[in-house]
Amino acid sequence: MGLHTLRLATVPLTFSTFTSRLFLKPIPPNTLQTLGQFSRHVHPRKPFLVRAFSASPAAVQEIPPTQASDSSAARPQWKASIDFKWIRDNKEAVEINIKNRNSNADLGGVIELYENMVNLQKEVEGIREERNNVAKKMKGKLEPSERERLVEEGKSLKESLVTLEEDLVKLQDELQQVARSIPNMTHPDVPVGGEDSSAIRKEVGSPREFSFPIKDHLQLGKDLDLIDFDSASEVSGSKFFYLKNEAVLLEMALLNWTLSEVMKKGFTPLTTPEIVRSSIVEKCGFQPRGDNTQVYSIDGTDQCLIGTAEIPVGGIHMDSILLESALPLKYIAFSHCFRTEAGAAGAATKGLYRVHQFSKAEMFVLCRPEDSETFHDELIQIEEDLFTSLGLHFKTLDMATADLGAPAYRKFDIEAWMPGLGRYGEISSASNCTDYQSRRLGIRYRPSEPVQTGSKKGKASLPATKFVHTLNATACAVPRMMVCLLENYQQDDGSVVIPEPLRPFMGGIEIIKPKLR
Amino acid sequence: MGLHTLRLATVPLTFTTSRLFLNPSPTLAFFSRHVQPRKPSFLLRAFSNSTAVQDTPLTQTSSDSSAARTQWKAAIDFKWIRDNKEAVEINIKNRNSNADLEAVLQLYENMVTLQKEVEGIREERNNVAKKMKGKLEPSERERLVEEGKNLKESLVTLEEDLMKLQDELQHVARSIPNMTHPDVPVGGEDSSAIRNEVGSPREFSFPIKDHLQLGKDLDLMDFDSAAEVSGSKFFYLKNEAVLLEMALLNWTLSEVMKKGFTPLTTPEIVRSSIVEKCGFQPRGDNTQVYSIDGTDQCLIGTAEIPVGGIHMDSILLESALPLKYIAFSHCFRTEAGAAGAAAKGLYRVHQFSKAEMFVLCRPEDSESFHNELIQIEEDLFTSLGLHFKTLDMATADLGAPAYRKFDIEAWMPGLGRFGEISSASNCTDYQSRRLGIRFRPSEPLQTGSKKGKANLPSTKFVHTLNATACAVPRMMVCLLENYQQEDGSVVVPETLRPFMGGIEVIKPKLR
């Protein structure tokens, strides 16, 4: 119980959705006692950019991470601020969306649990009121027998309250568990259907025509002594690799060039932790556990390896209230990414196309809700500009509903031509996640509009907070870029030409030639 | 049993300890699930006809073996240890090691005795088999059949005992440290000798900050968010710090490549056995190693591990040596047990970027490569304008694999002390005996070699060396603290500017 009430200190009093009302009971004393139990895990949260608001009782303060406790496996360790009232009031739209997204979310179950919870909540409130009345009556002068009766009544009310509150917590837990699988809503322009329904948004260039028999990147990598899969499979396992010689410089050049291009657009560069708490992975909408998880977990801790820098960057502003004037926050983050690739097999897994570990530069934006569509367009434009500069042939797709992950409101994928593999392959992805992640990560901002009238309880000087929107987009996933560059820029003599924009970042190397052995 | 006999297909017939293990391997089928034929590797094609190394299966987890069961075999030269007992004993004492030499020798003698017994019974069995080839009375044949059966049974029992003994010997023997270079000072940390000293501490005319304060004031690092997202001792780099990291790595790589080193990036998840073979302990309460849940894999603490693994179980051509690598990787360390002032800020962290040099060479060349490696380090840090000293680390400060180790400690004015920024170790054949990395000398044929393999000289273990070229966070501590200015800005050393888009100064940002 302590876990959840503490957690909900993050929901400010001014927060308007119905969900917050449910949790705004004062923290009972026993919770404060249990706090000591968790103090080992308590790191006071330094609120980023909220110093100006530190006097506000509503703002974020000292939220302990809801770390591993002895609670059962089914117990959620954190609470998503899902807007259940909105879901109930828009049941039909949500139902259709779930169907379109090919999701197995159980809307009926969610709504039923929610109604039960609201009823139970009312019951709890009723008993609390009765208890208050009893307490009020006992303040006056009373016959001893009458007092005794009231004491007895108060005791039995307290007992039922304890039971009901326990039930309520269980119900809330269950609701969280079931509701988390509900996907984000979908942009109205997104084509409805499976992969085949995805719409081409743009197409750049055309497939290069070769006058000689071409190799795939794996063969080129071997012939030019650039990639070593064989040793890596002995040392680490299949789908791991060493880069060698010019490939190392090419990776650095790709990342350097990408960072410098994206920084020109006002993005702040970051490197990130690659080990994170599992809860952060969950809050970003990924599943760190289960048989088919893509996530490597660390033995003996609640930590795991990131599959994308989106996770640690999403976590930077977790549980905080940003100033509107600080938005948008635009990051370009470099990290290594680790994926189990459970269940992946077949031709698409050849060589560098699908690997367990790779380098990636990822863009991440936090912005006001009204700006997220514009930033989505900006992100896809940046990607298209980057890949155009590298001379790739690619198309941008508006991904169909059934192809969207739960967090995405809309997703644009870029697929580039890979002549050696003889097909198009995904090289990047740009998603608008609207408030799906921010409701889980607890990232809000406080609008800087003038004070609204009629707000309550002496906090008139602060406008209500809103959830930010988050977006993420691949700027450069190194191995797939290498597939494109090696296969597209191969020459008759077995060499590979370096695209001009990368040459200054590679010490002027213009061509990768076969080595003398 | 298959595990060990298969393993020892890597030990060429000419190698002395191999005698002990050269029984045939009847249980291959049992492990075939785990057998991935080793591609006769790198530089070995010319020798693919050789009976030496071929199709060595990985000795991977054989699920039903007991925990104590060793999954791979170090080619430790027990005979040499026995014949040099006193020197080894003194070395163990000097290195402050808890290796149990007596137990090793006892187990070894037991094993040799048992091995002889096994050989004796095998011979008897062969004699019985030979006798049965001729024409015999039925009763005599029956007697021989019975005798053969008995012999086979005792053989099975003894072979099992032998295997257990070998496992135990491996287990106990692995803690014996490498021998030590005669010039290494004997004693604890205080006994380490200063080999070289460069520069002098910068004098500041203003109150100085440590790198943590500079990082905060210049918006270069975020430890607070990382503590929430990942845990303490993790960090984000921001703004110019990201560019500085890239510049450091780019510059280091380009400098070290000029010396003929091949650049690499490496896997950061490796099988635990590779970690062990490099001389690290991937398990136990105080391990520095993060393990992956539900697999036999773990995260690397240094690129030394995956680079050491590249040529595992292979025989290199002498003409291919030396192999010199400069490998970039992220490194992950639990830092179990680390605490106190030394743990402040970037000095001791769970994850960091590093460029590591690694050399494989002939035994007679390892000392000169050790000197080359420390020279490269000193040149790099001198170019960056650091004040540092090079230490010849004393015996008690050497890890088990090192024959000799040079550390560089640089002046960190904000922390107000010298701190280790790099380390260069000569591991001689300690790692190569575990990783199974040999070379075949290209000298002219020796006479008198046996069994038709007369045209191949015998193989030797390579020597391995490793040395930090750039451990980014500690370099950042040095650069930020040494190059801070009175106005709170930090000057970027000239050598790095071309790798940072020409940035000369990191200035406080307007917020």
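Residues numbered from 1 in each chain as written. Chains lettered and ligands numbered in written order. Predicted model: local features only at pLDDT ≥ 70, side-chain atom pairs only at ≥ 80, totals over all residues. Heavy atoms only, no water.

1. Re the overall build of chain A
Right, so step 1: In terms of helices and strands, chain A carries 15 helices and 17 strands.
Right, so step 2: For chain A, buried positions account for 56% of its 517 residues.
Right, so step 3: Contacts in chain A between residues far apart in sequence, at least 24 positions, make up 76% of those at least 6 positions apart.
Right, so step 4: For chain A, the computed accessible surface area is about 21900 Å², with 51% contributed by carbon and sulfur atoms. (Helix = DSSP H or I, 4+ residues; strand = E, 2+ residues; numbered from the N terminus. Buried < 20%, exposed > 50% of the residue type's maximum accessible area, 1.4 Å probe, protein only. Contact = heavy atoms within 4.5 Å. Areas by Shrake-Rupley, 256 points an atom, 1.4 Å probe, with all protein chains shown as cover.)

2. Focus on the overall build of chain B
Right, so step 1: A tally of helices and strands in chain B yields 14 helices and 17 strands.
Right, so step 2: For chain B, buried positions account for 56% of its 511 residues.
Right, so step 3: Across chain B, contacts joining residues at least 24 apart in sequence account for 75% of those joining residues at least 6 apart.

3. Quick word on the sheet that holds strand β14 (residues 460-461) of chain B
Through backbone hydrogen bonds, the strands of a sheet pair up, either in parallel or in antiparallel fashion.
All names here are of chain B.
Right, so step 1: Strand order in this open sheet of 3 strands is β7-β13-β14, and the pairing throughout is mixed. Either end of the sheet is taken by a strand with one partner, and the two such strands are β7 (314-317) and β14.
Right, so step 2: Relative to strand β13 (residues 437-440), β7 is paired through 4 bridges, and the arrangement is parallel. Opposite Ile315, over in β13, you have Arg438 as the bridge partner. (Pairing = 2+ DSSP bridges.)

4. Some remarks on the interface of chain A and chain B
Right, so step 1: Across the contact, 55 residues belong to chain A and 52 residues belong to chain B.
Right, so step 2: At the boundary of chain A with chain B, total buried surface from both sides reaches about 5000 Å², with 59% on carbon and sulfur atoms.
Right, so step 3: The tally of links between chain A and chain B comes to 0 salt bridges.
Right, so step 4: Between the two partners, chain A and chain B, sit 27 residue pairs in polar contact (both at pLDDT 80 or more).
Right, so step 5: Elements that contribute at least two residues to the side of chain A that touches chain B include exactly α9 (229-235), β3 (242-244), α10 (246-263), β4 (268-271), β5 (275-277), β6 (303-305), α12 (310-316) and β8 (329-338) of chain A.
Right, so step 6: The class makeup of the residues in the side of chain A that touches chain B is 30 nonpolar, 15 polar and 10 charged. (Buried area = accessible area lost by both parts, 1.4 Å probe. Salt bridge = Lys/Arg side-chain N within 4 Å of Asp/Glu carboxyl O. Polar contact = N/O pair within 3.5 Å; in protein donor to acceptor, adjacent residues only side chain to side chain. Nonpolar A, V, L, I, M, F, W, Y, C, P; charged D, E, K, R; others polar.)

5. Examining the sheet that holds strand β1 (residues 199-204) of chain A
Right, so step 1: Taken in spatial order, the 10 strands make up an open sheet running β1(A)-β10(A)-β11(A)-β12(A)-β15(A)-β9(A)-β8(A)-β4(A)-β3(B)-β2(B), and their pairing is mixed. Only two strands of the sheet have a single partner each, and these edge strands are β1 of chain A together with β2 (221-222) of chain B.
Right, so step 2: Looking at chain direction, β4 of chain A and β8 of chain A are connected through 4 bridges and run parallel. Within β8 of chain A, the residue paired with Pro269 of chain A across the bridge is Ile332 of chain A.
Right, so step 3: In the packing of helix α15 (residues 478-488) of chain A onto the sheet, contacts are made with β9 (357-367), β11 (410-418), β12 (423-432) and β15 (469-477) of chain A, and the angle to β11 of chain A comes to roughly 35 degrees. (Axes fitted to C-alpha atoms, helices over the stretch in contact; angles between N-to-C directions.)

6. Quick look at the UniProt feature "coiled-coil region" (unreviewed entry) in chain B
Right, so step 1: UniProt tags residues 104-175 of chain B as "coiled-coil region" (unreviewed entry).
Right, so step 2: Here residues 104-175 of chain B runs as 92% helix and 0% strand, with 10 Å between its end C-alpha atoms. (UniProt positions renumbered as here; feature names shortened; annotations may be inferred.)

7. With respect to the environment of His336 of chain A
Right, so step 1: Tracing the backbone shows His336 of chain A in strand β8.
Right, so step 2: Apart from residues lying up to four places away in sequence, His336 of chain A is in contact with Glu274, Ile306, Gln357, Phe358 and Ser359 of chain A together with Glu268, Phe328 and His330 of chain B.
Right, so step 3: One polar contact links His336 of chain A to Glu268 of chain B, side chain to side chain, over a distance of 2.7 Å.

8. As for the pairing of β12 of chain A
Residues and elements named next belong to chain A.
Right, so step 1: Summarising burial for β12: 7 of the 10 residues are buried, a large majority.
Right, so step 2: Summarising the sheet, β11 and β12 pair through 9 bridges and their orientation is antiparallel. Directly across from Glu415, in β12, lies its bridge partner Glu426.
Right, so step 3: With antiparallel pairing between neighbouring strands as the criterion, β11 and β12 make up a hairpin whose turn holds 4 residues, including Gly422 at a positive phi of roughly 70 degrees.
Right, so step 4: Here β12 pairs with β15 via 3 bridges, running antiparallel.

9. A look at the domain arrangement of chain A
Residue and element names in this part refer to chain A.
Right, so step 1: Structurally, chain A comprises domain 1 (82-178) and domain 2 (193-448 + 462-510).
Right, so step 2: Just the C-alpha atoms count here: the centres of domain 1 and domain 2 sit 44 Å apart.
Right, so step 3: On the side of domain 2, 9 residues touch domain 1, which itself brings 5 residues to the contact.
Right, so step 4: When domain 1 packs against domain 2, close to 520 Å² is buried across both sides, 41% of that on carbon and sulfur atoms. (Domains from an automatic or database assignment.)

10. Here's the deal with the pairing of strand β8 (residues 323-332) of chain B
Residues and elements named next belong to chain B.
Right, so step 1: Among the 10 residues of β8, 10 are classified as buried, and the element is accordingly described as predominantly covered.
Right, so step 2: Neither face of β8 is left uncovered, since the one carrying Leu323, Tyr325, Ala327, Ser329 and Cys331 and the one carrying Lys324, Ile326, Phe328, His330 and Phe332 both have all their residues buried.
Right, so step 3: Pairing analysis gives 10 bridges linking β8 to strand β9 (residues 351-361), with the strands arranged antiparallel. Residue pairing for β9: Tyr325 is matched across the bridge by Phe358.

11. Looking at the packing of α10 of chain A against α15 of chain A
All names here are of chain A.
Right, so step 1: The geometry of α10 relative to α15 is characterised by a closest axis approach of 10 Å and an angle of 110 degrees between their N-to-C directions. In terms of orientation, α10 lies roughly perpendicular with respect to α15. For the element pair α10 and α15, the recorded crossing hand is right-handed. Contacts between α10 and α15 involve Ala247, Leu250, Glu251, Leu254 and Leu255 from the former and Val478, Met481, Met482 and Leu485 from the latter.
Right, so step 2: Class assignment of the residues belonging to the contact of α10 with α15 gives a composition of 8 nonpolar, no polar and 1 charged. (Parallel < 35°, antiparallel > 145°, perpendicular 65-115°, else oblique. Left-handed = near helix turned anticlockwise from the far one by under 90°.)

12. Brief notes about helix α14 (residues 472-482) of chain B
Right, so step 1: Counting buried residues along α14 of chain B, 11 of its 11 residues qualify, which places the element largely inside the surrounding structure.
Right, so step 2: Every buried residue of α14 of chain B is accounted for by Val472, Pro473, Arg474, Met475, Met476, Val477, Cys478, Leu479, Leu480, Glu481 and Asn482 of chain B.

13. Quick notes on the UniProt feature "coiled-coil region" (unreviewed entry) in chain A
Right, so step 1: In the numbering adopted here, UniProt assigns the feature "coiled-coil region" (unreviewed entry) to residues 110-181 of chain A.
Right, so step 2: Strand forms 0% of residues 110-181 of chain A and helix 89%; the C-alpha atoms that close the span are 10 Å apart.

14. A few points about unusual backbone geometry
Right, so step 1: Of note, the bond from Leu327 of chain A into Pro328 of chain A is cis; its omega dihedral lies within 30 degrees of zero at -5 degrees.
Right, so step 2: Tracing the backbone through its elements, the reader meets Pro328 of chain A in the loop between β7 (320-323) and β8.
Right, so step 3: With omega at 0 degrees, the peptide bond leading from Leu321 of chain B into Pro322 of chain B counts as cis.
Right, so step 4: Relative to the elements of secondary structure, Pro322 of chain B occurs in the loop between β7 and β8.

15. Side note on the pattern of salt bridges
Right, so step 1: The final tally for this structure, using the stated rule, is 47 salt bridges over all chains.
Right, so step 2: The residue Glu384 of chain A makes a salt bridge to Lys202 of chain A at a minimum N-O spacing of 3.3 Å. Note that Glu384 of chain A is positioned in helix α13 (residues 372-389) and Lys202 of chain A in strand β1, a separation of 182 residues in sequence.
Right, so step 3: Note that Lys209 of chain B is salt-bridged to Asp217 of chain B, the shortest N-O span being 2.8 Å.
Right, so step 4: The partly exposed category is assigned to Lys209 of chain B, whose relative accessible area is 27%.
Right, so step 5: What you see here is one network of salt bridges that share partners, running through Lys85, Arg88, Asp89 and Glu115 of chain A.

16. A few points about the packing of aromatic side chains
Right, so step 1: Summed over all chains, the structure comprises 11 aromatic pairs over all chains.
Right, so step 2: When the ring centre of Tyr424 of chain A is taken as reference, the NZ or CZ atom of Lys395 of chain A above it lies at 4.1 Å.
Right, so step 3: Between the NZ or CZ atom of Arg474 of chain B and the centre of the ring of Tyr347 of chain B, over which it lies, the distance is 3.7 Å. (Phe/Tyr/Trp six-rings, centres within 6.5 Å; stacked < 30°, edge-to-face > 60°. Lys NZ or Arg CZ within 6 Å of the ring centre and 35° of its normal.)

17. Examining the packing of helix α9 (residues 240-257) of chain B against helix α12 (residues 366-383) of chain B
For any two helices packed against each other, the geometry is given by the interaxial angle and the distance between the axes.
Residues and elements named next belong to chain B.
Right, so step 1: Close contact between α9 and α12 brings their axes to 11 Å; oriented N to C, the two are set at 135 degrees. Classed by the angle they form, the pair α9 and α12 counts as oblique. In terms of crossing hand, the pair formed by α9 and α12 is right-handed. Mapping the contact onto sequence places Trp251, Thr252, Glu255 and Val256 in α9 and Ile376, Leu380 and Ser383 in α12.
Right, so step 2: A breakdown of the residues in the contact of α9 with α12 according to their chemical character gives 4 nonpolar, 2 polar and 1 charged.

18. As for the nonpolar core
Right, so step 1: The biggest cluster of nonpolar side chains holds 127 residues, and the ones touching the most others in it are Leu254 of chain A together with Leu248 of chain B.
Right, so step 2: Setting aside residues no more than four positions away along its own chain, Leu254 of chain A makes contact with Leu390, Cys476, Val478, Met481, Met482, Leu485 and Leu502 of chain A.
Right, so step 3: Ranked by size, the runner-up nonpolar core spans 66 residues in total, among them Ala303, Ile305, Ala327 and Leu435 of chain B. (Core = buried A, V, L, I, M, F, W, Y, C linked by side-chain atoms within 4.5 Å.)

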